[in-house]
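Report on the structure
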Amino acid sequence: MQNRNAWVLLVPPLAVCRYGCASYCAAPIGVFWLAGIVSFIYGFFGGPTGEPGISYGTLLFGAILWGIAAIWAENVIRGLDRQSDRCQGTPSPLCRLTGKGEEEDPLETVKKFRQEG
């Protein structure tokens, strides 16, 4: 559980791919997450007003966007944990690369890709 929470806080779109099967949610969550990162970095350079020093409003905006992405990812994963008919569709290419769950051996994934190619 601790590992899942770390993924949700640090990399929300990949957490959805890894611990859930709602790969259609990974893209919009990723947009919020990336916008939060860009806004956070932009805040250190003065933000949109170009003020000298740090733009705390832009930093706060970036943190809010990142928080929205993390909360959204957690809600998606919790909702999928409650469903009985999990993972009926095929995952997106991004989610196929990230793998599923903690119990899967990463070397097995590499072997599957080598056999397919």
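Presented here is a report on the structure given in the accompanying data block.

What counts, and at which threshold
Residues numbered from 1 in each chain as written. Predicted model: local features only at pLDDT ≥ 70, side-chain atom pairs only at ≥ 80, totals over all residues. Heavy atoms only, no water. Axes fitted to C-alpha atoms, helices over the stretch in contact; angles between N-to-C directions. Helix = DSSP H or I, 4+ residues; strand = E, 2+ residues; numbered from the N terminus. Parallel < 35°, antiparallel > 145°, perpendicular 65-115°, else oblique. Contact = heavy atoms within 4.5 Å. Nonpolar A, V, L, I, M, F, W, Y, C, P; charged D, E, K, R; others polar. Patch = residues over 30% accessible without salt bridge, like charges linked within 9 Å, V, L, I, M, F, W, Y side chains within 5 Å. Areas by Shrake-Rupley, 256 points an atom, 1.4 Å probe, with all protein chains shown as cover. Salt bridge = Lys/Arg side-chain N within 4 Å of Asp/Glu carboxyl O. Buried < 20%, exposed > 50% of the residue type's maximum accessible area, 1.4 Å probe, protein only. Core = buried A, V, L, I, M, F, W, Y, C linked by side-chain atoms within 4.5 Å. Phe/Tyr/Trp six-rings, centres within 6.5 Å; stacked < 30°, edge-to-face > 60°.

Another aspect to go through is the packing of helix 2 (residues 12–19) against helix 3 (residues 26–43). Running from N to C, helix 2 and helix 3 cross one another at 155 degrees; their axes reach a closest spacing of 7 Å. With respect to helix 3, the axis of helix 2 lies roughly antiparallel. For the pair helix 2 and helix 3, contact is made by Pro-12, Pro-13, Val-16 and Cys-17 and by Ala-26, Ile-29, Gly-30 and Trp-33, respectively. Residues of the contact of helix 2 with helix 3, tallied by class, amount to seven nonpolar, one polar and no charged.

Together, Phe-40, Ile-41, Tyr-42, Phe-44, Phe-45, Ile-54 and Tyr-56 give the surface a local cluster of nonpolar side chains, amounting to about 760 Å² of exposed area. Looking at the element boundaries, Phe-40 is found in helix 3. On the accessibility criterion, Phe-40 (34% relative accessible area) is partly exposed.

Quick look at the nonpolar core now. Core analysis: the largest hydrophobic core is formed by twelve residues, namely Val-8, Ala-15, Val-16, Tyr-19, Cys-25, Ile-29, Trp-33, Ala-69, Ala-70, Ala-73, Val-76 and Ile-77. Counting residues per element, the ones that place at least two in this core are helix 2, helix 3 and helix 4 (56–82). Looking at which element gives the most residues to this core, the answer is helix 4, with five residues. Discounting chain neighbours no more than four positions away, the residues touching Ile-77 are Arg-4, Val-8, Ala-15, Val-16 and Tyr-19.

Turning to the side chain of Ser-39, a few remarks are in order. Position of Ser-39 relative to the elements: it lies in helix 3. Apart from the residues within four sequence positions on either side, Ser-39 is in contact with Thr-58, Phe-61 and Gly-62.

So, on to the pattern of salt bridges. Counted by the stated rule, this structure contains two salt bridges. Note that Arg-4 is salt-bridged to Glu-74, the shortest N-O span being 3.2 Å. With a gap of 70 residues between them, Arg-4 in helix 1 (residues 2–10) and Glu-74 in helix 4 connect regions that are remote in the sequence. Across the pair, Glu-74 and Arg-4 agree in class, each one buried. Of the charged contacts, one joins Arg-78 and Glu-74 as a salt bridge, the two residues approaching to 3.1 Å between their closest N and O atoms. Taken together, the residues span about one helical turn, with Arg-78 and Glu-74 both in helix 4 at a distance of four residues. Given a relative accessible area of 11%, Glu-74 falls into the buried group.

Along the chain, Thr-58 falls in helix 4. Contact partners of Thr-58, with chain neighbours within four places excluded, come to Ser-39, Tyr-42, Gly-43, Gly-47 and Pro-48.

This brings us to the packing of aromatic side chains. Inspection of every chain in the model, using the stated rule, returns three aromatic pairs. Between Trp-33 and Trp-66 the ring centres are 6.2 Å apart and the planes differ by 85 degrees, which places this aromatic pair in the edge-to-face class. Taken together, the residues Trp-33 in helix 3 and Trp-66 in helix 4 connect sequence positions 33 residues apart. A relative accessible area of 16% places Trp-33 in the buried class. Arranged with centres 5.6 Å apart and planes meeting at 80 degrees, the rings of Phe-40 and Phe-44 form a pair that is edge-to-face. Here Phe-44 falls in the partly exposed class, since its relative accessible area comes to 43%.

By themselves these figures say nothing about function.
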